[in-house]
Amino acid sequence: MKIALHGLALKAEYFSDVELLFDQLIKHEFEIFVTETFDRLMKMNGNQRLSYWVLETQEEIASMDFFISIGGDGTLLDTVCVVGKHEIPILGLNTGRLGFLATVSTDQIREAVGYLAENNFQLESRVLLSLQSNRKFFNGIHFALNEFTIHKRDTSSMITVHTYIDGKYLNSYWADGLIVSTPTGSTGYSLSCGGPLITPGAKSFVITPVSPHNLNVRPIIVSDDSEISFEIEGRTDKFMISLDSRSTSISSDIKLSVKKENFSANLVKLPHYHFFDTLRQKLNWGFDMRN
């Protein structure tokens, strides 16, 4: 089987874990490929021993059986962009911090590779957001796993985001910004702005205002079959939009809407994993000084 490795950064302390990963992949007879970005990281770490092929074309990417994202959640979000419409299963090896998406720790490398080789794992299909616009942004990568955000550009006054669901007027949000989150993204930026937690399989989006002027304006959950469109006003003509960690400046004449993408991200989950376990571990549920 063919497996590809991707990463955006690699601290020297984790290079031994990468070597172990290579050893286990070779033991289970995987053919190892890496992205050009990860190839540069390996060379920066003075790699002399580990051999692999470098992915250079979309055709080569499409031929992979698995991707392993090595890093934190930001790296996994970037891996989703690399994989794109090919829907190749992605395993998140966590060398970052929080790890809501990259759930496999470095001390699980041996068993994780074994599970992949034995086809002993679950696939979670995660819905993606698709940005529709009359202009191209983000090098044509118009989808996101976590969220789409409209935000004021700097420290200027609040903006007004007129929001429509399937063409029907919902509300005019007077705020610092507005987030449209997938269930996956409900544990990210939306959560920090007061949005609800949503289980990965829920067929819904969350619209969450960022620091709204009116305190009675609350997050709302809508069907992921909805198309959500926006009109933006403010004292300045420039605003920011973002898809996950990618952001750019736009003007108010740009037409924007989001809906469900027609392909998904497939995340590999090892046996005995459950989303509720991640919530308890990452959010410290059940921890109390009195206990």
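Only a predicted model underlies this, so the values are computations on that prediction, with no experimental measurement involved. (Residues numbered from 1 in each chain as written. Predicted model: local features only at pLDDT ≥ 70, side-chain atom pairs only at ≥ 80, totals over all residues. Heavy atoms only, no water.)

Regarding the nonpolar core
Threshold: By convention a nonpolar core is built from buried Ala, Val, Leu, Ile, Met, Phe, Trp, Tyr and Cys residues, the set being connected through side-chain atoms within 4.5 Å. Only protein chains enter the accessibility calculation, which uses a 1.4 Å probe; a residue is then buried when its area is under 20% of its type maximum, exposed when over 50%, and partly exposed in between. Helix and strand assignments come from DSSP, with helices taken as H or I runs of at least 4 residues and strands as E runs of at least 2, each series counted from the N terminus. Should any heavy atoms of two residues lie within 4.5 Å, those residues are counted as being in contact.
Formed by 32 residues in total, the largest nonpolar core has its most connected members in Leu5, Leu21, Phe22, Ile68 and Leu116. For this core, the secondary structure elements donating two or more residues are strand S1 (2-6), helix H1 (15-27), strand S2 (31-34), helix H2 (36-44), strand S4 (66-71), strand S5 (90-94) and helix H5 (109-118). The element contributing the most residues to this core is H1, with six residues. When residues no more than four places from it in sequence are discounted, the contact partners of Leu5 are Leu21, Phe22, Leu25, Ile32, Phe33, Val34, Thr35, Phe38, Ile68 and Ile70.

What about the sheet that holds strand S19 (residues 256-260)?
Defined as follows: When DSSP finds two or more bridges between a pair of strands, those strands are recorded as paired.
Strand order in this open sheet of six strands is S9-S8-S19-S16-S11-S12, and the pairing throughout is antiparallel. If you trace the sheet from one side to the other, it starts and ends with strand S9 (143-144) and strand S12 (168-175), each paired once. Pairing geometry for strand S11 (residues 159-165) and strand S16 (residues 228-233), over six bridges, is antiparallel. In the strand pairing of S16, Thr160 is matched with Glu233.

Section: the UniProt feature "binding site: NAD(+)" (unreviewed entry) in the chain
Cut-off, in case you're wondering: UniProt positions are given in the numbering used here, feature names are shortened, and annotations may be inferred rather than shown by experiment.
In the numbering used here, UniProt assigns the "binding site: NAD(+)" (unreviewed entry) feature to Asp73, Gly74, Asn146, Glu147, Asp176, Thr187, Gly188, Tyr189, Ser190, Leu191 and Ser192. Over a stretch of 120 residues, the named residues are scattered through the fold, their C-alpha atoms separated by up to 24.8 Å. Looking at where Gly74 falls in the secondary structure, it is placed in helix H4 (residues 73-83). Since its relative accessible area comes to 39%, Gly74 is described here as partly exposed. Relative to the elements of secondary structure, Ser192 occurs in helix H6 (residues 189-192).

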